[in-house]
Amino acid sequence: MKIKYINLLLFFTSIAIGGDVSHAAHTHDHSLPLYSIIPFIGILLSIAFIPLISAKFWHNNFGKISAFWALLFIIPFFVFTSFDVAIYEMLHVFLLEYIPFIMLLLSLFVISGGIRLKGTLVGTPLLNTILIFIGTLLASWMGTTGAAMLLVRPLIRANNYRKYKVHTMVFFIFLVANIGGSLTPLGDPPLFLGYLNGVDFFWTTKKLLLPMIYAVSILLIIYFLIDSYFYNKREFKTIKVLAHEKKLGIEGGFNFLLILVVIFSVLISGTWKPNISIPSIFGLHLEFQNILRDVILLLVSIVSWRFTSKIIREKNSFTWFPIVEVSKLFAGIFVTIVPAISILRSGEDGALAFIIKSVNNTNGEPINFMYFWLTGILSSFLDNAPTYLVFFNIAGSGSPENLIISDYLMNYVPDTLLAISLGAVFMGAMTYIGNAPNFMVKSIAEENYIKMPSFFGFLGWSIIILIPVFLFISFIFF
């Protein structure tokens, strides 16, 4: 009976989504209909509601649910477009976007799981604030994913004996997994895309430093006050009893060298252009430097797993579940997000033309306030990297013919590029899916018996804490 209903749903959805798709010779060149984003909305609502309705069902079936929504887009897409177009898009998603994404997450997840900060870590408000601050500083230089995976376990361990610790994980996601990655292209994927498109490496360091200082300072002060309230309310006596002396130290330190290898491989893949590619696969070209990067990432994962003591991983409570959960859910997200990005790329010819038109005034001049908020809001629910690139190209459409887009944006409308960059990086913190490490931190925290907020619960934290900060930032700078 269940199979029958699923087949009926697939059939009717195929008609609905496919009805206007047949005109699309290629999703990069033609907009898909607005209702083709139904599967994407479906997977978002599934992530939001199913764990609330039945956590056990979600835990056992999230991979099947993700696959269901992915197929709900893929099947009509293959039926109502040419085979070449459909296979090109799916290969593009998996070979050029999803696999590099998962390889980077996997390597940092495995490597960081082999590093343990040993000794006495007592989760006082001061120590927690310092750990989050250190992670925030590291995020711009080893990536938000690397910094988050490195410090989330020590932070959890430091707060094992505290009753109130959800707020600590929430602010950790805000700062370490997102805002901390503002200063270099290594910090967050949108900035790396800007770097690949000609933005100077240290442009983000110079332009985003002051907004980041404002945001980080405000959020750390808010966090310290909240944590101090809970600590002084009932926990300080317990903490003091546990504060016996054990020297701090690092176990599995050679994994830091592997993190440097990861950073180097990612950086080289964006700067080294040997112009070597494997033969075209349905019009898709795989560049040698990107293949080499993914192979290196896989190898360092194997090296870390093979040569790190299993005892270290056991003490870190290391399991494979977080990376399995993220890989299955984001496989569905990467597929179902295709029509949403396609519609945005269509600009004023697409179904979301009103969004594109709202970022420029009647004279064609950029409205930086709108660039910041629209890039940010869409980055909260879509992949922030392609969202950044969409608005990057929209803002650069006014570039004179003798200037490349990046030079125009950096030198003629730098505040517009600043707005796009800040929106993409800062507002990835708004939801669990806004940036990849958000979901990984959530998963690792839940593995350690921290009851994290639901999808909408986390969004509520973001609205209450982050929106006022972002309004403050936008009024000061835009």
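Below: a short report on this structure. For every chain, the first residue of the written sequence is number 1, and numbering continues from 1 along that sequence. Side-chain atom pairs in this predicted model are given and counted only at pLDDT of 80 or more, local residue features only at pLDDT of at least 70, and totals for whole chains, interfaces and linings cover all residues. Side-chain measures here rest on the full set of heavy atoms in the structure, leaving out hydrogens and waters.

All right, on to the overall build of the protein chain then. When you go through the protein chain residue by residue, the secondary structure sums to 20 helices and 2 strands. For the accessible areas, the method is Shrake-Rupley and the probe is 1.4 Å, while residue cover comes only from the protein chains on display. For the protein chain, the accessible surface area stands at approximately 20800 Å², while carbon and sulfur atoms represent 68% of it. Put simply, DSSP H or I for four residues or longer makes a helix, DSSP E for two residues or longer makes a strand, and each gets a number counted from the N terminus.

This part covers the side chain of Ser462. Summarising the element assignment, Ser462 is placed in helix H20 (residues 455-477). Polar contact is the term for a pair of N or O atoms within 3.5 Å; when the atoms are in protein, one must be able to donate a hydrogen and the other to accept it, and sequence-neighboring residues count only if both atoms are side-chain atoms. From its side chain, Ser462 meets the backbone oxygen of Met430 in a polar contact 2.8 Å long.

A word on a nonpolar patch on the surface. On the surface, a nonpolar cluster with roughly 610 Å² of combined accessible area is contributed by Leu126, Ile130, Ile134, Leu138, Ile221, Phe224 and Leu225. When residues of the nonpolar patch are traced back to their parent elements, those giving at least two are helix H5 (125-158) and helix H8 (203-242). In terms of residues, the nonpolar patch owes the most to one element, H5, which gives 4 residues. For Ile130, the position within the fold is in helix H5. Each patch is built from salt-bridge-free residues with over 30% relative accessible area, joining like charges within 9 Å and nonpolar side chains (Val, Leu, Ile, Met, Phe, Trp, Tyr) within 5 Å. Each salt bridge in this description consists of a side-chain nitrogen of Lys or Arg and a carboxyl oxygen of Asp or Glu lying within 4 Å of one another.

Here a helix's expected span is defined as the number of its residues, less one, multiplied by 1.5 Å. With 30 residues, helix H4 (residues 83-112) should reach 44 Å at 1.5 Å per residue; the first-to-last C-alpha distance of 41 Å fits that figure. Burial analysis of H4 places 21 of its 30 residues in the buried class, which makes it a mostly covered element. Buried, partly exposed and exposed residues are distinguished by accessible area as a fraction of the type maximum, computed with a 1.4 Å probe on protein chains only: under 20%, between the cut-offs, and over 50%, respectively.

Within the secondary structure layout, Thr308 lies in the loop between helix H10 (288-307) and helix H11 (310-315). In this structure the side chain of Thr308 is engaged in a polar contact, spanning 3.1 Å, whose partner is the side chain of Asn255. Within the local environment of Thr308, its side chain forms a polar contact with the backbone oxygen of Ser304, the two atoms lying 2.7 Å apart.

Once that is clear, we can look at the pattern of salt bridges. Counted under the stated rule, the structure contains 4 salt bridges. Between Arg293 and Asp294 there is a salt bridge, and its shortest N-O distance comes to 3.0 Å. The same class applies to Arg293 as to Asp294, namely buried. For the salt bridge of Glu446 with Lys442, the shortest nitrogen-to-oxygen distance reads 3.1 Å. Placement of the pair is Glu446 and Lys442 together in helix H19 (residues 436-447), with a separation of 4 residues, close to one helical turn.

Here we come to the packing of aromatic side chains. Planes of paired rings set the category: under 30 degrees apart is stacked, over 60 is edge-to-face and the rest tilted, where pairs are Phe, Tyr or Trp rings (Trp by its six-membered ring) whose centres lie within 6.5 Å. Following the criterion strictly, the structure yields 35 aromatic pairs and no others. Among the aromatic residues, those joined into a ring-pair cluster are Phe369, Phe372, Trp373, Phe426, Phe470, Phe475 and Phe478. Looking at Lys310, its charged tip hangs above the ring of Trp305, at a distance of 4.9 Å from the centre. As a reminder, the over-ring test applies to NZ of lysine and CZ of arginine, requiring each to be within 6 Å of the ring centre and within 35 degrees of the ring normal.

Throughout, nonpolar core names a set of buried Ala, Val, Leu, Ile, Met, Phe, Trp, Tyr and Cys residues whose side chains join them through atoms within 4.5 Å. Membership of the largest hydrophobic core comes to 137 residues, with the highest contact counts inside it found for Met169, Phe172, Phe174, Phe391 and Phe470. Broken down by element, the residue count for this core peaks at 14 residues, all from H4. Here, residues are in contact when the closest pair of their heavy atoms is within 4.5 Å. Residues within four places of Phe470 in sequence aside, it is in contact with Ile179, Phe372, Trp373, Phe426, Met427 and Met430.

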